[in-house]
Amino acid sequence: MKMLTRAWVPFLALALTLGLTWTAAAETRWETVPAPETNGGLVLAPRLESGAGRLQMAWGWTNPSSKILDPEFTYSSFNGSAWTRPKAPYFGDNLGRLRKLDMARARQAVGVIYQRTLDQDDRAFEILYAVSGDGGWSYTRPAVADSYVHEESAGTAVAMAGIGGRRPTFALGWLTEGRAVRVGVLDPNNNSDRPRASTLGTHGSRSERLELAGDGEGGFLAVWSDGRKLESSRLRPIVGTAESSETVFAGSVGRNFVLTDWLGKRPTLVFEADRVPSGGGPRRQVMRWEDRRWQKVDVAPPPQGEAEAPSSLEAVQDEDGEIHVLALPRAGSQILYSRTLKGRWTEPETVFSLNSSLGVTGFDLAVLKDQVFAVVAQGPHLQVARRTLQP
């Protein structure tokens, strides 16, 4: 091997400098986006949904200017530079006392599911759902899917997923008394068709979460944790009956699991174990539903190693099948973002710095064309950011 002479040193330094400059230029930074105007009201459970070239946000909102003191289902759309005026779709009816919320898209149809407390008792809940047939501009009047009394007043998890096609279909899920996991399938074209819910199992005391996604064959998948392992069940197309549950992962994951799809296809599960699995490997793992079974996807940890297990995760897919994740560390001082790229997780980077004196009341992310958007709420404080995706 020939040794470099001194004459080559300046050229080598220049090449290294250009290389570093190009790498930095290829990465885009997170850009702050003006948040919807909330007039200092409480923002609860913000959810982002993209489709048909539009980005929409829904959340529970207390609006001091209109004297709505209990969180009410509210939504707004992003036009590229600003948000439309937030509004509740049910004028004349104050359907407040919202606790949990989720939304999903099935081509032009958009569905929402939310949980609210009843006047009789703050531990009495009902599950409501509504559907928009025009891409989220207007919604049907809400219908009741279930009502129950729960042991806690904070509310329990809800979930929703959608599948497009000639007949858009939605799966609705919620957690009820006795830690029961219930899921039903909704055909929005049949106004008299109430979701026929099935009890799939029970969830753990530290695992109040339920995830739904399309299975790529016209049915749905549900994933939950019983506290000791991740469980999954498939809902058959049209009829929505549940197949027997199976164990996806044996180990504790808390609330750190997310099920995501792309237009009702490519169902992918991302989860992070509380500790390193007994068989070795990274704590954060990825599995895809293929050939009617869960199959592990090998994704290497970041070059500098994994961070500590977070308290909660959110994830989405982009068109190319890459996964984008937001994580809330247990310290609660920031929201971190990472993605899969060329078979490896990128290094976590800070999207939002948080006020340590305020709790996080929700966070989410969505991909719209070549951009990824993120949102986090801390009571009356709402932050939104975006960045351009690099190939």
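Coordinates for the structure precede this section.
Residues numbered from 1 in each chain as written. Predicted model: local features only at pLDDT ≥ 70, side-chain atom pairs only at ≥ 80, totals over all residues. Heavy atoms only, no water.

Novice: I tried to follow the pairing of strand β18 (residues 265-272) on my own but got confused; where do I start?
Specialist: Strand residues, when the strand is regular, have side chains that alternate between the two faces of the sheet. Of all eight residues making up β18, six are buried, and the element is well covered by its neighbours. Bridge count between strand β17 (residues 257-262) and β18: five bridges; the pairing is antiparallel. Residue pairing in the sheet places Val 258 in a bridge with Val 270 of β18. (Buried < 20%, exposed > 50% of the residue type's maximum accessible area, 1.4 Å probe, protein only. Helix = DSSP H or I, 4+ residues; strand = E, 2+ residues; numbered from the N terminus. Pairing = 2+ DSSP bridges.)

Novice: Looking at this structure, how should I read the side chain of Glu 314?
Specialist: By the element assignment, Glu 314 lies in strand β21 (residues 312-317). In terms of polar contacts, Glu 314 uses its side chain to reach the side chain of Arg 209, at 3.3 Å. Beyond its immediate sequence surroundings of up to four residues, Glu 314 is in contact with Arg 47, Arg 209, Val 258, His 324, Val 325, Leu 326, Phe 363, Asp 364 and Leu 365. (Polar contact = N/O pair within 3.5 Å; in protein donor to acceptor, adjacent residues only side chain to side chain. Contact = heavy atoms within 4.5 Å.)

Novice: Any chance you could explain the pattern of salt bridges here in plain terms?
Specialist: It is possible for side chains bearing opposite charge to pair when their charged atoms get close. This structure, assessed with the given rule, holds 21 salt bridges. Among the ionic pairs, Glu 126 bridges to Arg 116, the shortest N-O distance being 2.8 Å. Here Arg 116 lies in strand β6 (residues 109-118) and Glu 126 lies in strand β7 (residues 121-132), a separation of 10 residues in the sequence. Comparing Glu 126 with Arg 116, the two get one shared label, buried. Among the salt bridges present, the one from Lys 229 reaches Asp 226, with a minimum N-O distance of 2.5 Å. Residue classification places Lys 229 among the partly exposed residues on the basis of a relative accessible area of 22%. (Salt bridge = Lys/Arg side-chain N within 4 Å of Asp/Glu carboxyl O.)

Novice: Could you clarify how one ought to interpret the pairing of strand β10 (residues 169-175) in this entry?
Specialist: Burial of β10 is extensive: seven of the seven residues sit out of reach of the surface. By the alternation rule, side chains of β10 split into Thr 169, Ala 171, Gly 173 and Leu 175 and Phe 170, Leu 172 and Trp 174, which are all buried. Pairing of strand β9 (residues 158-163) with β10 involves six bridges; the strand directions are antiparallel. Counted as the bridge partner of Ala 161 is Ala 171 from β10. Taken together, the six bridges between β10 and strand β11 (residues 180-186) define a ladder with antiparallel strand orientation.

Read these as spatial facts, not as claims about activity.
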